Amino acid sequence: MKKVVFIILCALLFANSIFAERRIVEFWNLMGEKKYDEVENFLGDWEQEDKKDAELYVAYFNFYLQKATQNQMYFEAELPPDCKSYMKGQNENGEEGYMCFITKYDDEMSNKAFEYIDKGISYNPKRLDMYFGKAHFYYLRKDYKKQCELVIYHHQRWWLEM
């Protein structure tokens, strides 16, 4: 009898793990196909099924990070100071200049990304990948002060829990 109960419990845990893995794979497949409306519906359904799933909030964070990212390409006669990735070339008129690639982040979508990762962290405070993702996004946005505050706060918190 004990063996049967043990086998059933193991099967349930294994099935739950496979189901969670299937959802994150489906999320990335939809993201790869750029089906953002379907992704939004998929995330809403996922949230209805398992509101505290850590992977759900990582997925939401990545979804809004993708929506926040704005890649822009410029052709300028002079190299812009904030351009780290460029190529020297000529435009269609034969004028020499610099083709520059700049990434900016939409504030509204960025705030949604931070909102969801914070919600995920509140449900799963020991998921370090969430803190690292949040710190990395601060870095990408060049918000170094908030990045440092996050790292220092969690380092101190971790140290006190030892």
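Rules behind the numbers
Residues numbered from 1 in each chain as written. Predicted model: local features only at pLDDT ≥ 70, side-chain atom pairs only at ≥ 80, totals over all residues. Heavy atoms only, no water. Patch = residues over 30% accessible without salt bridge, like charges linked within 9 Å, V, L, I, M, F, W, Y side chains within 5 Å. Areas by Shrake-Rupley, 256 points an atom, 1.4 Å probe, with all protein chains shown as cover. Salt bridge = Lys/Arg side-chain N within 4 Å of Asp/Glu carboxyl O. Helix = DSSP H or I, 4+ residues; strand = E, 2+ residues; numbered from the N terminus. Buried < 20%, exposed > 50% of the residue type's maximum accessible area, 1.4 Å probe, protein only. Phe/Tyr/Trp six-rings, centres within 6.5 Å; stacked < 30°, edge-to-face > 60°.

Right, let's talk about a nonpolar patch on the surface for a bit. Residues Met73, Phe75, Met87, Met99 and Phe101 make up a contiguous nonpolar surface patch of roughly 480 Å² in combined accessible area. Secondary-structure elements contributing two or more residues to the nonpolar patch are strand 1 (69-76) and strand 3 (96-105). Within the secondary structure, methionine 99 sits in strand 3. Take methionine 99: its relative accessible area is 32%, and that puts it in the partly exposed class.

A word on the packing of aromatic side chains. Under the defined criterion, the tally for this structure stands at 16 aromatic pairs. Note on tyrosine 57 and tyrosine 123: the rings are 5.7 Å apart at their centroids and 50 degrees apart in plane angle, and the pair reads as tilted. In this pair, tyrosine 57 is assigned in helix 3 (residues 54-68) and tyrosine 123 in helix 4 (residues 107-123), connecting sequence segments 66 residues apart. Judged by its relative accessible area of 28%, tyrosine 123 falls in the partly exposed class. Measuring from centroid to centroid gives 5.6 Å for tyrosine 64 and tyrosine 116, while their planes differ by 5 degrees, and the two rings are stacked. Placement of tyrosine 64 in helix 3 and of tyrosine 116 in helix 4 is noted, with a sequence separation of 52 residues between them. Comparing tyrosine 64 with tyrosine 116, the two get one shared label, buried. Grouping aromatic residues by their ring pairs yields a cluster made of Tyr36, Tyr57, Tyr60, Phe63, Tyr64, Tyr116 and Tyr123.

Don't take any of this as a statement about function, it's just geometry.
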